[in-house]
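Architecture and fold: a report
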Amino acid sequence: MYQKSDIEILVATMNQSNFDFLEAMFLFSDFSQFNILIVNQTDENKFLVSDNEKIKVFNVFEKGLSKSRNLALQNATKDLLIFTDDDIVFKQNFETNILDSFNTHTNFDGFRFQFLNRKGNLAKKYPTAFQSKLSQFEILNTSSVELVFKNNSLKRVAIKFDENFGLGTNFYMGEEAIFVSDVIKSGLKVGFVPEQILSHSQVTTGHKTAISKIYFAQSAVFYRIFGKMYLFWIALKLIFDLKQSKINFTEVVHLFKQAQKGKKAYVNATKL
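Presented here is a report on the structure given in the accompanying data block. (Residues numbered from 1 in each chain as written. Predicted model: local features only at pLDDT ≥ 70, side-chain atom pairs only at ≥ 80, totals over all residues. Heavy atoms only, no water.)

Taking 1.5 Å of rise per residue, 18 residues should cover 26 Å, and helix α10 (residues 252-269) covers 26 Å from first to last C-alpha, within 8% of that figure. Of all the positions in α10, only Leu-255, Gln-258, Ala-259, Gly-262 and Tyr-266 are classed as buried. The buried residues of α10 occupy an angular sector of 105 degrees when the element is viewed end-on, so they sit on one face. Opposite its buried face, α10 presents the exposed residues Val-253, Lys-261 and Lys-264, each directed more than 90 degrees away. At its buried positions, α10 is contacted by α8 (211-226) and α9 (230-243). (Helix = DSSP H or I, 4+ residues; strand = E, 2+ residues; numbered from the N terminus. Expected span 1.5 Å × (residues − 1). Buried < 20%, exposed > 50% of the residue type's maximum accessible area, 1.4 Å probe, protein only. Arc of directions from axis to C-beta. Contact = heavy atoms within 4.5 Å.)

So, about the sheet that holds strand β4 (residues 80-85). Pairing is mixed across the open sheet formed by 8 strands, whose spatial order is β3-β2-β1-β4-β7-β6-β8-β5. At either margin of the open sheet sits one strand with a lone partner, and together these are β3 (55-60) and β5 (88-90). For this sheet, the mean angle separating the axes of adjacent strands, direction not counted, is 30 degrees. Where β5 lies against strand β8 (residues 190-200), 3 bridges are found, and the strand directions are antiparallel. In the sheet register, Phe-90 faces β8, and the bridge partner there is Leu-198. Packing against the sheet, helix α2 (residues 65-75) makes contact with β1 (7-14), β2 (35-41), β3 and β4, and its axis sits at approximately 145 degrees to β2. (Pairing = 2+ DSSP bridges. Axes fitted to C-alpha atoms, helices over the stretch in contact; angles between N-to-C directions.)

Given below as structure tokens:
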């Protein structure tokens, strides 16, 4: 049976020199009671130093969110790993939902949970019941802050975040969807639990970015996951965005061309 001491929280952050951000993340609990591993992307003039044995800090000078996630994975030592950022707030007793899920469904390697938006509502349209398998749409809709995995399972299949994707790269989004897709393709069992573990008050990167840049990056994500079927997913996205009035018909040709440019840029960037 997993216990609270088996959880390790992997935090990606930047330019921190004190632990005020942890105070904000743990409004409803004492962060010093948790195992926390922090990757702080910074420079020589702004180090974060911990004197608490439960809080490990890695100050690094490289940029890129996926690089931070991978460094955290490489150095994590506890059994259950929570991926998160520095701008979330954990719910009270969030660990109970996590422990109950893994102790009840012992044959699963990881779970996707729910999170709340700034208004206290569910941040997305989630399934209403436990899911033993994630659909392709759910994989694509995954955020890193929803994910908890067994450390040994990830080490067994040697899965890492693709460092071509994520904030700090040309393809600033989709690293979590690629990660989950790779994990499932490797044979690990990932389910969905309709329980909230945190709230996230910030607008997501996708909502802050020009639609043409979204199509550029999203196409690379689709190609990385689906290969030649990426065009089907681009077409599906265009139809969905039209129906949701996120785009209009006059933009379709331009956005399709941007998608093709994104796929080509990814292929060129990953040539040996």
